[in-house]
Amino acid sequence: MANVRRLLSGDESAWVDFKANGYPFKLRRELREAGTDELILGIISRYVTACSIPTIGGGVLTDFPTVETLDEVDEKYVLDIIWKFYEFRGERVREPLTKNI
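Nothing here was measured: the structure is a model prediction, and the numbers come from that model.

Undergrad: Tell me what's going on with the sheet that holds strand β4 (residues 60–61), and back it up with residues and numbers.
TA: Pairing in this open sheet of four strands is antiparallel, and the strands run β1-β2-β3-β4 from one edge to the other. Edge strands, defined here as strands with exactly one partner in the open sheet, are β1 (5–8) and β4. Contacts from helix α3 (residues 75–93) reach β1, β2 (11–18) and β3 (48–54) within the one sheet, and its direction differs from that of β1 by about 150°.

Undergrad: Before we move on, could you go through the nonpolar core and cite the residues and values that matter?
TA: Counting residues in each nonpolar core, the largest one holds 28 residues, and the members touching the most others are Ile53, Leu70 and Ile81. Taken together, the elements giving at least two residues each to this core come down to β2, α1 (26–34), α2 (37–44), β3 and α3. Top element by residues in this core is α3. It accounts for six residues. In this view, Leu70 contacts Leu41, Ile53, Leu61, Phe64, Val78 and Ile81; residues no more than four positions away in its chain are not counted.

Undergrad: An account of the packing of α1 against α2 is needed here, citing residue identities and associated values.
TA: It is at 8 Å that the axes of α1 and α2 come closest, and there the two elements cross at 155°. Overall, the two elements α1 and α2 adopt an arrangement that is roughly antiparallel. Along its contact with α1, which presents Leu27, Glu30, Leu31 and Ala34, the element α2 presents Leu39, Ile40 and Ile43. Split by residue class, the contact of α1 with α2 holds six nonpolar, no polar and one charged.

What counts and how
- Residues numbered from 1 in each chain as written.
- Predicted model: local features only at pLDDT ≥ 70, side-chain atom pairs only at ≥ 80, totals over all residues.
- Heavy atoms only, no water.
- Pairing = 2+ DSSP bridges.
- Helix = DSSP H or I, 4+ residues; strand = E, 2+ residues; numbered from the N terminus.
- Contact = heavy atoms within 4.5 Å.
- Axes fitted to C-alpha atoms, helices over the stretch in contact; angles between N-to-C directions.
- Core = buried A, V, L, I, M, F, W, Y, C linked by side-chain atoms within 4.5 Å.
- Buried < 20%, exposed > 50% of the residue type's maximum accessible area, 1.4 Å probe, protein only.
- Parallel < 35°, antiparallel > 145°, perpendicular 65-115°, else oblique.
- Nonpolar A, V, L, I, M, F, W, Y, C, P; charged D, E, K, R; others polar.

Interpretation note: all reported values are geometric properties and have no functional meaning in isolation.
Given below as structure tokens:
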């Protein structure tokens, strides 16, 4: 199974965990049709189970419920979340499925 934890921008303290399963085929279409980073992040947020993302003000986001929570996060982390999600999905597709829990 693909590793669900992804480090962001090589920073050990910045990471996201993605759900191991429950990715419907329609997700491909939703991502393709989203069109903006904000809409893509809204879709991705449904698949984040935990995170630790530093904010510009020195805090740390530990909840990923909405795109608005990323307003105070450095752009490099936000864009890396998108890349890591696509990378995770690609690995997941090539590996055996785990049973839904």
